[in-house]
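The chain contents come next:
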Amino acid sequence: MSAASVERPHEYRPLIAEANRLMERNPGNRVEIIGGQILVSPRPDGAHGVTLTELMVPFLAAGLHGDESAVVQGVGLWLPTGVEDYAIPDLSLVDADFEDHHVENNCYDPVAFRLVLEVTSSNWKTDLRDKVRAYAGAKVPVYAIVDRKHQRLHVLTDPAGDAYDSHRPYPPGETVTLPAVIGAEVALDVTRILRAGQPHSG
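All residue numbers here refer to positions counted from 1 along the written sequence of the relevant chain. Reporting in this predicted model follows two pLDDT cut-offs: at least 70 for local features of residues, and 80 or more for side-chain atom pairs to be given and counted; totals over whole chains, interfaces and linings ignore these cut-offs and use all residues. Side-chain numbers here rest on the full set of heavy atoms in the structure, without hydrogens or water.

Draft legend 1. Layout of helix α1 (residues 14–25). With 12 residues, α1 extends 17 Å from end C-alpha to end C-alpha; this agrees with the ideal 16 Å at 1.5 Å per step. Accessibility here uses a 1.4 Å probe with only protein chains present; expressed as a share of the type maximum, an area under 20% marks a residue as buried, one over 50% as exposed, and anything in between as partly exposed. The way it works is that DSSP assigns letters per residue, a run of H or I at least four long becomes a helix, a run of E at least two long becomes a strand, and they are numbered from the N terminus. What α1 keeps buried is the set I16, A17 and A19. For α1, the arc enclosing every buried residue in end-on projection is 160°, short of the 170-degree limit, so these residues lie on one face. Buried residues belonging to α1 abut β1 (30–34), β2 (37–41), β4 (76–78), β5 (86–87) and β7 (102–104). Multiplying 1.5 Å by the helix residue count minus one yields the expected span of that helix. In this description, the arc belongs to the directions extending from the helix axis to the C-beta atoms. We call two residues in contact whenever any of their non-hydrogen atoms come within 4.5 Å of each other.

And the structure:
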């Protein structure tokens, strides 16, 4: 059970209004506000979706989608880095009562998030730089990145300020056991995950 969310005043949000307009005009694109800047991510390719499915399997097998926690895709995380900042991780592990922590604009208080995960696309620098600062600032315990550009799986833990004290990249051939703080033992096969992320030519 997570702590109670902080109440926020309801007021006009010009950046959020513009972000929502962009989403309406560009269906399939992801629109976020990080550091007071609107970021528009392209529609993901098929291999991106296959990677997310591949990643969900070990979380589900570990029993993390049930009474205590939930594995969800595309759920907004309200960020403390700016008055209108929010991110939409590709995959999140949240407390089962996360919907009790709704803030605004279909986003939820970071107190309900145990892990966030991103699968890189053409805007991979955002995941490896801007979102590190954002998720650390939100005190999300674990941030994982499937870096399809450099063929690595990054695991960041122990948020401190706008960075994580621990950041370890794993190459193909390794198996990563995620920190126990997420609530169960989850092992990720780096080779299998990175292979899923490679687009098939044809």
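Having seen the structure, we can now continue with the description.
Draft legend 2. Representation of the layout of surface pockets. Grid spacing is 1 Å over the protein atoms alone, the probe is 1.4 Å, and a cavity is where that probe fits but cannot get out, while a pocket is an open set with protein on both sides within 12 Å along at least five of seven lines and lining residues have an atom within 4 Å of a point. Grid points are joined across faces, edges and corners, and a volume is the space filled by probe spheres set on the points. Space inside the largest pocket adds up to approximately 500 Å³. What lines the largest pocket is a set of 29 residues, and nearest its centre among them are R30, G74, I88, P89 and D90. Broken down by secondary-structure element, the contributors of at least two residues to the lining of the largest pocket are α1, β1, α2 (46–61) and α3 (124–137).

Draft legend 3. Region of interest: the pattern of salt bridges. Think of a salt bridge as a Lys or Arg side-chain nitrogen and an Asp or Glu carboxyl oxygen that are within 4 Å of each other. As enumerated under the stated definition, the model contains 12 salt bridges in all. The shortest N-O distance in the salt bridge between E18 and R21 comes to 2.8 Å. Remark: R21 and E18 occur in helix α1; sequence separation between them is three residues, near one turn of the helix. Overall, the relative accessible area of 25% leaves E18 in the partly exposed class. The exposure class assigned to R21 is partly exposed, which follows from its relative accessible area of 34%. Among the ionic pairs, R30 bridges to D90, the shortest N-O distance being 3.1 Å. In this pair, R30 is assigned in strand β1 and D90 in the loop between β5 and β6 (91–95), connecting sequence segments 60 residues apart.

Draft legend 4. Region of the structure containing the nonpolar core. As used here, the term nonpolar core means buried Ala, Val, Leu, Ile, Met, Phe, Trp, Tyr and Cys residues forming a set that is joined through side-chain atoms within 4.5 Å. In this structure, L117, L178 and I182 are the most contacted members of the largest nonpolar core, which totals 26 residues. Once residues within four sequence positions are removed from consideration, I182 is found in contact with F59, L64, L93, R114, L115 and V142.

Draft legend 5. Highlighting the side chain of R148. Along the chain, R148 falls in the loop between β10 (142–147) and β11 (152–160). There is a polar contact of 2.9 Å between the side chain of R148 and the backbone oxygen of G197. Excluding residues within four positions of it along the chain, R148 makes contact with D45, A47, H48, V119, T120, S121, G197 and Q198. Polar contact is defined as a pair of N or O atoms within 3.5 Å, subject to the rule that within protein one atom must be able to donate a hydrogen and the other to accept it, and that residues adjacent in sequence are counted only when both atoms are side-chain atoms.

Draft legend 6. Quick peek at the packing of aromatic side chains. Stacked, tilted and edge-to-face pairs are distinguished by plane angle, under 30 degrees for stacked and over 60 for edge-to-face with tilted covering the rest, among Phe, Tyr and Trp rings (Trp via its six-membered ring) whose centres lie within 6.5 Å. Scanning the entire structure with this criterion turns up two aromatic pairs. Each ring, one from Y135 and one from Y143, has its centre 4.8 Å from the other, and the planes form 75°; the classification is edge-to-face. You can call Y135 buried: its relative accessible area is 0%. Of the residues examined, Y143 reaches a relative accessible area of 0% and is grouped as buried.

Draft legend 7. Quick peek at the pairing of β1. The buried fraction of β1 amounts to five of the five residues, a majority that puts the element mostly inside the structure. Of the two faces of β1, the one holding R30, E32 and I34 and the one holding V31 and I33 are both buried throughout. Where β1 lies against β2, five bridges are found, and the strand directions are antiparallel. Residue E32 lies in a different strand from β2, and its bridge partner there is L39. Here the rule is simple: two strands pair whenever DSSP picks up at least two bridges between them. Here β1 folds back onto β2, and the loop between the two strands holds two residues, one of which, G35, carries a positive phi near 65°.

Draft legend 8. Geometry of the sheet that holds strand β3 (residues 69–73). The six strands are arranged β3-β6-β9-β10-β11-β12 in an open sheet whose pairing can be described as mixed. Pairing within the sheet leaves two strands with one partner each, and these edge strands are β3 and β12 (163–170). Averaged over all pairs of adjacent strands, the angle between strand axes in this sheet comes to 15°, irrespective of strand direction. Alignment of β11 against β12, held across seven bridges, turns out to be antiparallel. To define axes, lines are fitted to C-alpha atoms, for helices over the stretch in contact only, and angles between the resulting N-to-C directions are given on a 0 to 180 degree scale.

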